[in-house]
Structures are given as C-alpha cells and as structure tokens.
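# Structural features, examined
Chain by chain, the residues:
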Amino acid sequence: MLHSNFYKNTLSIYIMIIKTVKDAATATADIKSGMTLLVGGFGLCGIPENCINAMVAMGINNLTCVSNNAGIDDFGLGLLLQNKQVKKMISSYVGENAEFERQMLSGELQVDLIPQGTLATRCMMSGYGIPFFPTPAGVGTEVAEGKQIINWKGRDYLMEEAFDADFAIVKAWKGDTTGNLIFRATARNFNPLMAMAGKITIAEVEHLVQPGELDPNEIHVPGIYVHRIFQGANYEKRIEQLTSRK
C-alpha cells in the first residue's frame, strides 16, 4: 500500500519535446513519390509556401494531394501541377488554375471533386480516428457514384471515408517549439483540420517562439498533433484576385 504522503511528496515532471527542424527541405526530406498529402490553405490564403517549394525542388512525383483547390498556375500547388508531380487531386474547387483545368479535362490528372463540407469532415474524421461517416451531401449526383448509400429514417446518406494521408502540411502565423499553433484570421481555413489528420504533420510558421510565449486560450492546434515545425521565410502571400477601385 502506498504511503498516504506519497502523492504530496511526488514531484510532477513535465517533459517538453522540442520539434523544430532547420527548414522546409529538412522537414519534407522523407516525403516520397506516390504518397498522399493533406495540404492546408484556401486558394492562396494560408498555404505552406516553403514546403511546396521544397517538394518542387525535390522532384518527387505521383503524389495524391488533398486540398480545397490547387492554387494558381505559377504559385502554390500549381507549381507541382506544372511539373507533373501530382497524379491525383482531391479538391472542392478548380479555382483560377488554368493548368489544373486543362489536365483534368485532358485526362492527364485524376480528380475527385467533392463538396467542401465533406472535404472538411473527412479531414476531421481522420483526426478523430473515425474511419467513415454518413452525409446527405452529394446524394443523387456524380459524387455518389461507387459509394455505399444507406437509408436512415427515410433519408439517404452517402458513406464517406476518412482520409488516410501520409503527411499533413500546414502553415500558421505563430507556433512554439513544441508544436502549438495559432492561425491568423481566414488563413485558419482547412489548416487545423488537416493538422489533426496527418500521420506526420509538418507546420511552417511566420513566427516561431519559445514554450510559454503563446496564450493558451488562443491556441488553435495543440502541439500533440504536430511532429515538425520550422520558421518559414520569404512569404509572398499573393492575392488570387485583386479587386480595387479606380
């Protein structure tokens, strides 16, 4: 039997795992051809620019990329498409990327277009460890082709699968060396859901700080989901469509 004072006299030890790596090239070095990647961002907002550029330079190919869309022709995931490094896109929107559209229509690129809410939920279920879920979105459309349909209380639902991704690659505004992340405004988008869902999650951040410097109440993704983090550089933050007054 433990002595009654055992708990009073026991020291609580907190072990911090430092997850920082040097740069994007180091963080992505073990991403191989043929892998499946969850890539955060919406359009050009909140995309992991440094990691995408590193993968372009690596020359890996036959990638399956899960992302809301594929950037534009010469930026973001559009760079991987230009180099024919992507074999399949799982997205909700073709966007302003003419090369994405051309490859899809010509049959050069496999494309799964799925409802945006379904895309987000498939990421969420991956993070929760739930392998599949029912949704009414897409019933009676091309989205339902080849998928199981169940009827629940008189309504049809598609059975959608969670993603099984090798890596999740996200971009945050601030992060600390243990992997806690804060996103800024609309750049949060798909990033938190994807950060939860990857077998290995890589985060690039604009500002890398020490543990304790982030307000716990403002953290969007706890460090337990993040495996590698680094301070990004030379962010362009392009605007997909600039509209201004005359």
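Residues numbered from 1 in each chain as written. Predicted model: local features only at pLDDT ≥ 70, side-chain atom pairs only at ≥ 80, totals over all residues. Heavy atoms only, no water.

### Topic: the sheet that holds strand β5 (residues 132–135)
As a reminder, the rule being used: When DSSP locates at least two bridges between a pair of strands, those strands are taken to pair. The secondary structure listing takes helices from DSSP runs of H or I that are at least 4 residues long and strands from runs of E that are at least 2 residues long, numbered from the N terminus. For helices, the axis comes from a line fit to the C-alpha atoms of the stretch in contact; other axes are also lines fit to C-alpha atoms, and the angle between any two N-to-C directions lies between 0 and 180 degrees. We call two residues in contact when some of their heavy atoms are within 4.5 Å.
Across the sheet, three strands lie side by side as β5-β7-β6; this open sheet has antiparallel pairing. Of all strands in the sheet, those with a lone pairing partner are β5 and β6 (149–152), marking the two edges. Shown here is a sheet whose adjacent strand axes are inclined to one another by a mean of 40°, direction ignored. Sheet topology note: the β5/strand β7 (residues 155–161) ladder contains four bridges and is antiparallel. Across the sheet, phenylalanine 133 pairs through a bridge with glutamate 160, a residue of β7. Lying over the sheet, helix α6 (residues 116–128) contacts β5 and β7, oriented at roughly 150° with respect to β5.

### Here's the deal with the pattern of salt bridges
So the rule is basically this: Note on definitions: salt bridges are taken to be side-chain nitrogens of Lys or Arg within 4 Å of carboxyl oxygens of Asp or Glu. Note on exposure labels: buried denotes an accessible area under 20% of the residue type's maximum, exposed denotes more than 50%, and partly exposed covers the range between, all computed with a 1.4 Å probe on protein chains only.
Taken as a whole and judged by the stated rule, the model has 12 salt bridges. Arginine 122 is the partner of glutamate 160 in a salt bridge, and the nearest nitrogen-oxygen pair spans 3.8 Å. On the criterion of sequence distance, the pair formed by glutamate 160 in strand β7 and arginine 122 in helix α6 is long-range, its members being 38 residues apart. Looking at glutamate 160, the relative accessible area reads 2%, which means it is buried. With its nearest N and O atoms 2.5 Å apart, the salt bridge here joins glutamate 206 to lysine 171. Of this pair, glutamate 206 sits in strand β10 (residues 200–209) while lysine 171 sits in strand β8 (residues 167–176), placing them 35 residues apart in sequence. In this structure, glutamate 206 and lysine 171 share a single accessibility class: buried. Beyond isolated ion pairs, a larger network of salt bridges with shared partners links Lys84, Glu99, Arg102 and Glu108.

### Points about the packing of aromatic side chains
Here is the rule we go by: What counts as a ring pair is set by centres within 6.5 Å for rings of Phe, Tyr and Trp (its six-membered ring), and what kind of pair is set by the plane angle: stacked under 30 degrees, edge-to-face over 60, tilted for all other angles. Charges are assigned to positions over rings by a cutoff of 6 Å between ring centre and Lys NZ or Arg CZ, combined with an angular limit of 35 degrees from the ring normal.
Tallied over the entire structure, the rule returns zero aromatic pairs. Over the ring of tryptophan 173 we find arginine 184, and its NZ or CZ is 5.1 Å from the ring centre.

### Describing the pairing of strand β3 (residues 86–91)
Definition in use: Seen with its strands pointing away from the viewer, a crossover is right-handed when the path leading from the first strand over the helix to the second is clockwise.
Both strand β2 (residues 63–66) and β3 contribute to a ladder of four bridges, which runs parallel. By the bridge assignment for β3, threonine 64 is matched with lysine 88. Once you follow β2 into helix α4 (residues 77–82) and on to β3, the crossover reads as right-handed. Bridging between β3 and strand β4 (residues 110–113) involves four bridges; their strand directions are parallel. The residue of β4 that forms the bridge with serine 91 is leucine 113. In this region the chain leaves β3, passes through helix α5 (residues 98–106) and returns to the parallel neighbour β4; the handedness of that crossover is right-handed.

### Observations concerning helix α3 (residues 49–58)
By the burial criterion, the buried members of α3 are Glu49, Asn50, Cys51, Ile52, Ala54 and Met55. Elements in contact with the buried residues of α3: α2 (24–27), β1 (36–39), α4, β8, β10 and β11 (228–231). Once α3 ends, the next one or two residues include glycine 59, with phi positive near 80°.

### Notes on empty space enclosed by the protein
This is how it is decided: Grid points spaced at 1 Å and placed over the protein atoms alone form the basis of the search, with a cavity being a set where a 1.4 Å probe fits but cannot get out and a pocket an open set showing protein on both sides within 12 Å along at least five of seven lines. Lining residues have an atom within 4 Å of a point. Grid points are joined across faces, edges and corners, and a volume is the space filled by probe spheres set on the points. Three classes are used, and their members are as follows: Ala, Val, Leu, Ile, Met, Phe, Trp, Tyr, Cys and Pro are nonpolar, Asp, Glu, Lys and Arg are charged, and the others, Gly among them, are polar.
Across all of its chains, the model carries one cavity of 30 Å³ or more by this definition. Here the largest cavity defines a volume of roughly 50 Å³. Lining the largest cavity are Gly40, Gly41, Phe42, Gly43, Ile47, Ile52, Ser67, Asn69, Ala70, Gly71, Gly76 and Leu77. Its residues assigned to classes, the lining of the largest cavity comprises five nonpolar, seven polar and no charged.

### Regarding the nonpolar core
Here is the rule we go by: Definition used in this section: a nonpolar core is a set of buried Ala, Val, Leu, Ile, Met, Phe, Trp, Tyr and Cys residues joined via side-chain atoms within 4.5 Å.
Ile31, Leu37, Leu77 and Met89 are the most contacted members of the largest nonpolar core, which totals 26 residues. Taken together, the elements giving at least two residues each to this core come down to α2, β1, α3, β2, α4, β3 and β8. When residues of this core are assigned to their parent elements, the largest contribution, four residues, is made by α3. In contact with isoleucine 31, not counting residues within four places along its chain, are Leu37, Met55, Met58, Ile60, Phe167, Ile169 and Ile202. Within the second largest apolar cluster, 24 residues are counted, among which are Ala120, Val170, Phe190 and Ile229.

Any functional reading would require information beyond the geometric quantities listed.
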